[in-house]
Every structure is written in structure tokens, then in C-alpha cells.
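Architecture and fold: a report
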Amino acid sequence: MKYEDLIKTVSEILNNENISKSGLTLTYFLGEEKHNKMNEHLYYMSNPNGDSYVKNTEFEVEIEGLLVKFIKK
């Protein structure tokens, strides 16, 4: 999974009036390499100063009210 794929998926959900978003959480189980790349990419997007990046086995982000959780397989 790439960041662009994540944005496309979240956009589809947010723009679809037939999907109830209340309490909705997307959960992705990613292999170690993809998980670490996504973790690092999202970390630096939200922390442009690049302070103290640490790999996590599980992390989550909120995109326009939709919670997206990433878990390393």
C-alpha cells in the first residue's frame, strides 16, 4: 500500500453518502517493510521537523474524522 492508495480509499469512503462513518475505523495489516514505510511517511508528514522518529508495530491516524489503524503483521 502506498500513501496515494490510502488517500484514494479514504476519499471514496468520505465522499460516499451511503457509508455510515460514525465509529468507523479502517484497519490495515501490513508486512514489515510496507508498514515501516507508511509509518515513517505519515510521521514526517505530520512532524516536518523530523524529531525523534521511532518505529511502531501499531499506529493510527485520523483523516477528516475517519480513523485509520495500521498493524504490522
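Computed from a prediction, not measured in an experiment: that's the story for all the values here.

Read from one edge to the other, the open sheet built from three strands follows the order β1-β3-β2, with strand pairing classed as mixed. Looking at strand neighbours, the two that pair on one side only are β1 (25-30) and β2 (58-63), the edges of this open sheet. In this sheet, adjacent strand axes meet at a mean angle of 20° when their direction is disregarded. Across six bridges, the pairing between β2 and strand β3 (residues 66-72) is antiparallel.

The next point concerns helix α2 (residues 32-46). The terminal C-alpha atoms of α2, which comprises 15 residues, lie 21 Å apart, in line with the 21 Å expected from a rise of 1.5 Å per residue. Turning to α2, its buried residues number three or more, namely His35, Asn36, Met38, Asn39, Leu42 and Tyr43. Buried positions in α2, seen along its axis, are confined to an arc of 165° and lie on one side of it. Exposed and oriented more than 90 degrees from the buried face of α2 are Glu33 and Lys37. Against α1 (3-15), β1, β2 and β3 lie the buried residues of α2.

Formed by 14 residues in total, the largest nonpolar core has its most connected members in Leu6, Val10, Leu26, Tyr28, Met38, Val68 and Phe70. Secondary structure elements with two or more residues in this core: α1, β1, α2, β2 and β3. Residues in contact with Val68, not counting those within four places in the same chain, are Leu6, Val10, Leu26, Tyr28, Phe59, Glu60, Val61 and Ile63.

Any two side chains of opposite charge can pair, so long as their charged atoms come close to each other. Scanning the model with the defined rule gives two salt bridges in all. A salt bridge links Glu33 to Lys37, with the nearest nitrogen and oxygen atoms 3.2 Å apart. Separated by four residues within a single helix, Glu33 and Lys37 lie in helix α2, roughly one turn from each other. A salt bridge links Lys69 to Glu58; its shortest N-O distance comes to 3.5 Å. On the criterion of sequence distance, the pair formed by Lys69 in strand β3 and Glu58 in strand β2 is long-range, its members being eleven residues apart.

Let's shift gears to the side chain of Asn39. Mapped onto the secondary structure, Asn39 falls in helix α2. When neighbours within four sequence positions are excluded, Asn39 is seen to be in contact with Tyr53, Val54, Lys55, Asn56 and Phe59.

About the thresholds
- Residues numbered from 1 in each chain as written.
- Predicted model: local features only at pLDDT ≥ 70, side-chain atom pairs only at ≥ 80, totals over all residues.
- Heavy atoms only, no water.
- Pairing = 2+ DSSP bridges.
- Helix = DSSP H or I, 4+ residues; strand = E, 2+ residues; numbered from the N terminus.
- Axes fitted to C-alpha atoms, helices over the stretch in contact; angles between N-to-C directions.
- Expected span 1.5 Å × (residues − 1).
- Buried < 20%, exposed > 50% of the residue type's maximum accessible area, 1.4 Å probe, protein only.
- Arc of directions from axis to C-beta.
- Contact = heavy atoms within 4.5 Å.
- Core = buried A, V, L, I, M, F, W, Y, C linked by side-chain atoms within 4.5 Å.
- Salt bridge = Lys/Arg side-chain N within 4 Å of Asp/Glu carboxyl O.

On their own, these measurements won't tell you what the molecule is for.
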